[in-house]
Amino acid sequence: MKTVHLTLNYAACKLLYYDNETEAMRPRLVFVGADGSIHFEINEVGLKGDALDDTRKLVVVWGDSVVFSAGRGWPCLLDSLAPGYQFLNGGIEGDPFTNILRRAREFNQQRAVELNLLMLGWHPLPDNRNVRSALTDFIEKTRNTVLFTMPTALNRRIADQDLSSYLTSRDAEEPFTFCGDLPYSRKNQYIGFNYIMERNDIIRETASQMNIRMVDLFAEFETEKLDDFRQDFNDMIHLRASAHPKIVRAVYEGIKDLLQPASPSVMAA
């Protein structure tokens, strides 16, 4: 296992963990914070999280940076809610839906996966061409899939409004930026909102037509009735670490009946 002792932003981290040839994460890496604590790990199969535990059934959460998330990420928090299951993080920052589906498909061919929890992510914005056909093809071959809609801080009431006064610096106590380091654009904000609404509609329709479970995270994090649309988000796309328990509860409630109770031997281990 290679350990990286550096203080880096996520763009710099990706240069280290992402293999351009395989379009996947490099295995066996540990990123350590300035205080010596483990920031996150990539295990032996190239997924964010602990080493594979053969005593538990495997669930992988696939997606882009919304899944990758801060620190160890939110998917690992599901472990405590589902004894007998190991949840690993298959998110990669900036990953287009085509590569998310490819990585998931190839991993399922190599490993026994109990459930695939699939977020199609935001990329390549604003192009939803071929999303429906690619998703349908994946589900036909990978029936043990649960689909997620994409949450966003935006809503129909504010999507076309100038929100620049709500933005802060990244160093603020409760930071809120446009989208990572991208400069604010009212036009791109509106385009992005309509794009993700279209993608979420494709996800809902595909789930219904193919009789596949769907968890509507857009609805769970709907901001239209909130006093502050920034409440759960660092920017228009990404959840705050403080919102990780909320997304974990929503995911677990949406899939818990699909998880078989752990055997007594596993519970006692």
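Structure first, text after, so check above.
Residues numbered from 1 in each chain as written. Predicted model: local features only at pLDDT ≥ 70, side-chain atom pairs only at ≥ 80, totals over all residues. Heavy atoms only, no water.

(A) Fine view of the packing of helix α3 (residues 97-110) against helix α4 (residues 131-141). Viewed as axis vectors pointing N to C, α3 and α4 meet at an angle of 5 degrees, and their least axial separation amounts to 11 Å. It follows that α3 is roughly parallel to α4 by the angle criterion. Where α3 abuts α4, its residues Phe97, Leu101, Ala104 and Arg105 lie against Val131, Ala134, Leu135 and Phe138. Broken down by class, the residue content of the contact of α3 with α4 amounts to seven nonpolar, no polar and one charged. (Axes fitted to C-alpha atoms, helices over the stretch in contact; angles between N-to-C directions. Helix = DSSP H or I, 4+ residues; strand = E, 2+ residues; numbered from the N terminus. Parallel < 35°, antiparallel > 145°, perpendicular 65-115°, else oblique. Contact = heavy atoms within 4.5 Å. Nonpolar A, V, L, I, M, F, W, Y, C, P; charged D, E, K, R; others polar.)

(B) The layout of surface pockets, seen in detail. Estimated volume of the second largest pocket: approximately 270 Å³. Along its surface, the second largest pocket is lined by 15 residues, and Ala24, Val45, Arg103, Phe107 and Gln110 are the ones closest to its centre. Elements that contribute at least two residues to the lining of the second largest pocket include exactly β3 (24-25) and α3. At five residues, α3 tops the list of elements feeding residues into the lining of the second largest pocket. Grouping the constituent residues of the lining of the second largest pocket by class yields eight nonpolar, three polar and four charged. (1 Å grid on protein atoms, 1.4 Å probe; cavity = no way out; pocket = protein on both sides within 12 Å on 5 of 7 lines; lining within 4 Å. Points joined across faces, edges and corners; volume = space filled by probe spheres on them.)

(C) How the structure looks around the packing of aromatic side chains. Tallying each qualifying case throughout the model produces 10 aromatic pairs. Between tyrosine 17 and phenylalanine 40, the aromatic rings sit 6.4 Å apart at their centres with planes inclined by 85 degrees, giving edge-to-face as the arrangement. Separated by 23 residues along the polypeptide, tyrosine 17 in helix α1 (residues 10-17) and phenylalanine 40 in strand β5 (residues 38-42) bring together distant segments of the chain. Of the two residues examined, tyrosine 17 and phenylalanine 40, each falls in the buried class. What links up through ring pairs into an aromatic cluster is the set Tyr17, Phe31, Phe40 and Phe68. The ring of tyrosine 18 has lysine 14 sitting right over it, with the charged end atom 4.8 Å from the ring centre. (Phe/Tyr/Trp six-rings, centres within 6.5 Å; stacked < 30°, edge-to-face > 60°. Buried < 20%, exposed > 50% of the residue type's maximum accessible area, 1.4 Å probe, protein only. Lys NZ or Arg CZ within 6 Å of the ring centre and 35° of its normal.)

(D) Seen up close, the pairing of strand β4 (residues 29-32). On β4, burial covers both faces: Leu29 and Phe31 on one face and Val30 and Val32 on the other are all buried. Summarising the sheet, β4 and β5 pair through four bridges and their orientation is antiparallel. Following the sheet pairing, leucine 29 is matched in β5 by isoleucine 42. If you look at the hairpin formed by β4 and β5, you'll find five residues sitting between the two strands, and glycine 36 has a positive phi there, around 90 degrees. (Pairing = 2+ DSSP bridges.)

(E) Representation of the packing of α4 against helix α5 (residues 186-209). The geometry of α4 relative to α5 is characterised by a closest axis approach of 10 Å and an angle of 35 degrees between their N-to-C directions. α5 is crossed by α4, and the crossing has right-handed handedness. Between α4, through Val131, Arg132, Leu135, Thr136 and Ile139, and α5, the contact on the second element is made entirely by Arg199, Ile202, Ile203, Glu205 and Thr206. Looking at the contact of α4 with α5 residue by residue, the class counts come to five nonpolar, two polar and three charged. (Left-handed = near helix turned anticlockwise from the far one by under 90°.)

(F) Local environment of the pairing of strand β8 (residues 115-119). With respect to burial, β8 is a largely interior element, five of its five residues being buried. In this structure, strand β6 (residues 57-63) lies alongside β8, joined through four bridges in parallel fashion. Opposite valine 59, over in β8, you have leucine 115 as the bridge partner. Here β8 runs beside strand β9 (residues 145-148); their pairing, made up of four bridges, is parallel. Its bridge partner being in β9, leucine 118 is matched across the sheet by leucine 147.

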